[in-house]
Amino acid sequence: MTPLSQDEASSAGSQETGSKGTIRVLQLYPRDMNIYGDWGNVLVLQQRIRWHGYTPEILEYNVGDPFPEDVDIIVGGGGQDSGQLVIQDDLLSRESALKELADDGTPMLLICGLYQLFGRFFKTRTGAVIPGIGVLDVETHGTDERLIGNVTVSSPEFGDILGYENHSGQTRLGPGVRPLGTTAKGTGNNSSDGQEGARYRNIVASYLHGSLLPKNPAIADFLIRTAAERKYGSFTPGAPDDGYAELAREHAARRPR
Amino acid sequence: MLYFSVPLGKLVRRVTRLRGGGSAFPGLVVEKIDPGFMQRTLSTLPLGVAVVSGTNGKTTTTKMVVELLESQGLKVFTNRTGSNFTRGVAAALLGDVDWRGRLNADIAVLELDEAHAVHFVNRVPPRYSLLLNVLRDQLDRFGEIDKTAQLLQHIAAKTTGTVVLNREDPRVARIAETLNGPEVRYFGLHDSLLTTFPNDDDLRAGPGSPVPDLPPKPHADVVLRRVGADDADFEYDGATVTTGMKLRGVYNIFNAAAALVLARCVAGNGTTGTDHGGLLKALSEVAPAFGRGESLVVDGKPLDLVLVKNPSGFRLGLKSFPAGGYATMIAINDNYADGRDMSWLWDVEFDSLRDGGVDQVSGSRAYDMALRLQYDEVAVGSVNPEIVPALAAFIEGATDKPKRIFCTYTAMLAIRRELSKITTVEVVS
Ligand SMILES: [Zn+2]
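Source: prediction; values computed, not measured. (Residues numbered from 1 in each chain as written. Chains lettered and ligands numbered in written order. Predicted model: local features only at pLDDT ≥ 70, side-chain atom pairs only at ≥ 80, totals over all residues. Heavy atoms only, no water.)

1. Regarding the confidence of the model for chain B
Residue and element names in this part refer to chain B.
Line of reasoning, step 1. Here chain B shows a mean pLDDT of 83. Residues at 70 or above account for 80%.
Line of reasoning, step 2. A low-confidence stretch, residues 18-22 (pLDDT under 50), is modelled with two contacts involving residues beyond four sequence positions or located in other chains.
Line of reasoning, step 3. Throughout residues 138-142 the model reports pLDDT below 50, and contacts reaching past four residues in sequence, or to other chains, amount to 17 contacts. (pLDDT = per-residue confidence, 0-100. Contact = heavy atoms within 4.5 Å.)

Shown next as structure tokens:
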């Protein structure tokens, strides 16, 4: 996948009479943890940053890379077991840096696999414990049951959140985080407590694919707003056209589980 | 030896036919009263069983292998895919065996869905297997692509003769390391075509990611060298041959290289030797299997249907069928047979449609598709989730232009049904 090139990105910014500033989005481990449409989340951030009048800069961090400085938004995606094994050691070596960024209020979006690995641990079905980096007070247990299907979540902050889940790990929240919302359709974190995702500081963590951000622009704009306010002191939004997003939400909500 | 099950099964088959019943029911009956029927019947074939599996292109590749082998004078038994694979094969066998249970064929060539692969090869170890690719598809059903790779690996491990692998798909090529029984052969791409076939690992890495150093590739028996508008070049036996192709789409033509490798293995093991001219002639005449991309005529202008069911298939479809001069429609459904999760649309780049835009977007997930196009800055003419009126508006709005419709499986069925009212469409069996 190639996003719009940096040239296109910066020229789009400078065509307007002066960009409101640059917002740097870091994609974590796109090589190993980026299936199930996670690119969609990055593309939506890139375009909406532009539509709000800022200049997006998309960075990547893969295993072994130097960790980029001055990052405004961090996005981490899903992955298969094999991808998780590849990144595990590298992620643990970045534990303190990522904790610092999180506690400092850096907005982050963590989906599925990296949601789990930002937690305290993942215990597999066979009892093996894969340590996480403990940024989020959550733990995940592998199960035989795969939770699959369309999901609608009611969130106090973002309204209805629409997406699609596909996971067999079941996550439980500790007291250090709050849920992203409660599931109106679908399962979410686990098959018992009706909660989905986790919120901590400016982190939004979720099992939802779909991709998440295209049909939930409120979450995308929360990440962008927070990044702009932290960096420039204030955020003046543009006026993205969310007509198709609205209709896509309405139709998605009516689809069966 | 006489088996009572065969005449009984054939009788049930006849009765259900008369009543217009489903084709698999007789298979169910014979399976119940004689569970060894399929295995026993297939084991009598002099050249054994060849299976074709992988995520993309099984149906057309199976059809190619069958037609290539028939060009060598072989009698081939083959299956149409159905809801229950073993039952479907048993039912098809019942139709083809004589009353004493003998199958009049030299070889069986079977399309094997990943879901049924393990069960089948455990009962009937194939002599040949052809493994095409492991792509993101049907994640709803199988969870993860690594699992699909394991299923293909299991097919390969059960193969007694020759395994034919895609040299360019790392998950498939890697299977060779795990095998110690069967002979391994490869089909491959010339370097100049590699960028046309991004695999799912390439698609994950973003811009400017360094390409890891790859080990040298094994020799491929047949290499696809060039794809033209209606012909292609293949390299084998140290020479390059050019042949006309009725098949469209580079991925179909790559699978033709796969079919050639398998057909050459089988024919080479036969009694008469390989008729190379006959193979090429047969290859040039293979038409696409139903629903895998076909060209119809509407109002005197061509209308192409391109089936898209996963990101790599969609990307290859966009690349194989350039948009210039065409009116374009996209129809995305999210029924079970299409895949329920729309995430895959976000792994396809649509910038090749930016110049001409998309005239109509339809299907149950029409607005997901329109939203996807908006983020790639592709103009959308109109959006209507209802396929029938959207198709009518599409045809009316572009009478002077050739047309192309990218559609998911169930959307394609609906579009064909509708088109059959205004033009000749091959009957779906
Ligand atoms: Zn997931």
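This is not the end of the story, as more comes after the structure.
2. Things to note about the packing of aromatic side chains
Line of reasoning, step 1. Under the defined criterion, the tally for this structure stands at 13 aromatic pairs over all chains.
Line of reasoning, step 2. For the pair A:Phe158 and A:Phe222, a centre-to-centre distance of 5.5 Å together with 70 degrees between the ring planes defines the contact as edge-to-face. Here A:Phe158 is found in the loop between strand 7 (138-155) and strand 8 (159-173), whereas its partner A:Phe222 is found in helix 7 (residues 217-232), with 64 residues between them in sequence. For the pair shown, A:Phe158 and A:Phe222 are each scored as buried.
Line of reasoning, step 3. Ring geometry for A:Tyr244 versus B:Tyr367: centroids 6.5 Å apart, planes at 40 degrees, classification tilted. With A:Tyr244 in helix 8 (residues 243-254) and B:Tyr367 in helix 14 (residues 366-375), this residue pair bridges two chains.
Line of reasoning, step 4. Through a chain of ring-to-ring contacts, three or more aromatic side chains come together here, namely B:Phe314, B:Trp344, B:Phe350 and B:Phe406. (Phe/Tyr/Trp six-rings, centres within 6.5 Å; stacked < 30°, edge-to-face > 60°. Helix = DSSP H or I, 4+ residues; strand = E, 2+ residues; numbered from the N terminus. Buried < 20%, exposed > 50% of the residue type's maximum accessible area, 1.4 Å probe, protein only.)

3. Description of the pairing of strand 5 (residues 162-166) of chain B
Strand residues, when the strand is regular, have side chains that alternate between the two faces of the sheet.
All names here are of chain B.
Line of reasoning, step 1. Of all five residues making up strand 5, five are buried, and the element is well covered by its neighbours.
Line of reasoning, step 2. Judged from the four bridges that link them, strand 4 (residues 128-131) and strand 5 form a sheet pairing that is parallel. Its bridge partner being in strand 5, Tyr128 is matched across the sheet by Thr162. (Pairing = 2+ DSSP bridges.)

4. Here we look at the coordination of the zinc ion
Residue and element names in this part refer to chain A.
Line of reasoning, step 1. Protein coordination at the zinc ion: the donors are Cys112 (SG) and His209 (NE2), at 2.1 to 2.2 Å from the metal. Here Cys112, found in the loop between strand 4 (108-111) and helix 5 (113-117), pairs with His209, found in the loop between strand 12 (203-206) and helix 6 (212-215); they are 97 residues apart in sequence, far enough to count as distant.
Line of reasoning, step 2. Cys112 gets classed as buried once you look at its relative accessible area, which sits at 6%. (Donors = N, O, S within 2.8 Å, 3.2 Å for Na, K, Ca; no water.)

5. Focus on the sheet that holds strand 7 (residues 222-227) of chain B
All names here are of chain B.
Line of reasoning, step 1. Strand order in the open sheet formed by nine strands is 2-3-1-4-5-6-7-8-9, and the pairing between neighbours is mixed. The two strands at the open ends of the sheet, each matched to only one other strand, are strand 2 (76-78) and strand 9 (239-244). Averaged over all pairs of adjacent strands, the angle between their axes in this sheet comes to 20 degrees, without regard to strand direction.
Line of reasoning, step 2. Along the sheet, helix 5 (residues 85-96) contacts strand 2 and strand 3 (107-111); its crossing angle with strand 2, the most-contacted strand, is approximately 140 degrees. (Axes fitted to C-alpha atoms, helices over the stretch in contact; angles between N-to-C directions.)

6. Description of the sheet that holds strand 11 (residues 198-200) of chain A
Residue and element names in this part refer to chain A.
Line of reasoning, step 1. One open sheet holds the six strands; their spatial order is 2-1-3-4-12-11, and the pairing between them is mixed. The open sheet terminates on both sides in strands that have one partner only, identified here as strand 2 (55-61) and strand 11. Between one strand axis and the next, the sheet turns by 15 degrees as a mean value, whatever way the strands run.
Line of reasoning, step 2. Inspection of the sheet shows strand 4 paired to strand 12 by four bridges, in the parallel sense. Residue Leu110 lies in a different strand from strand 12, and its bridge partner there is Ala205.
Line of reasoning, step 3. Against the sheet, helix 2 (residues 38-51) engages strand 1 (22-28), strand 2, strand 3 (73-76) and strand 4, with an angle of about 155 degrees to strand 2.

7. As for the environment of B:Asp191
Residues and elements named next belong to chain B.
Line of reasoning, step 1. For Asp191, the position within the fold is in the loop between strand 6 (183-189) and helix 10 (200-204).
Line of reasoning, step 2. Exposure remark for Asp191: the relative accessible area of 58% places this residue in the exposed category.
Line of reasoning, step 3. Sequence-wise, Asp191 and Leu165 are 26 residues apart; in three dimensions their C-alpha atoms are separated by 17 Å.

8. What about the side chain of A:Thr55?
All names here are of chain A.
Line of reasoning, step 1. By the element assignment, Thr55 lies in strand 2.
Line of reasoning, step 2. On the basis of relative accessibility, which here comes to 12%, the residue Thr55 falls in the buried class.
Line of reasoning, step 3. A polar contact of 2.7 Å, which involves the side chain of Thr55, links it to the side chain of Ser19. (Polar contact = N/O pair within 3.5 Å; in protein donor to acceptor, adjacent residues only side chain to side chain.)

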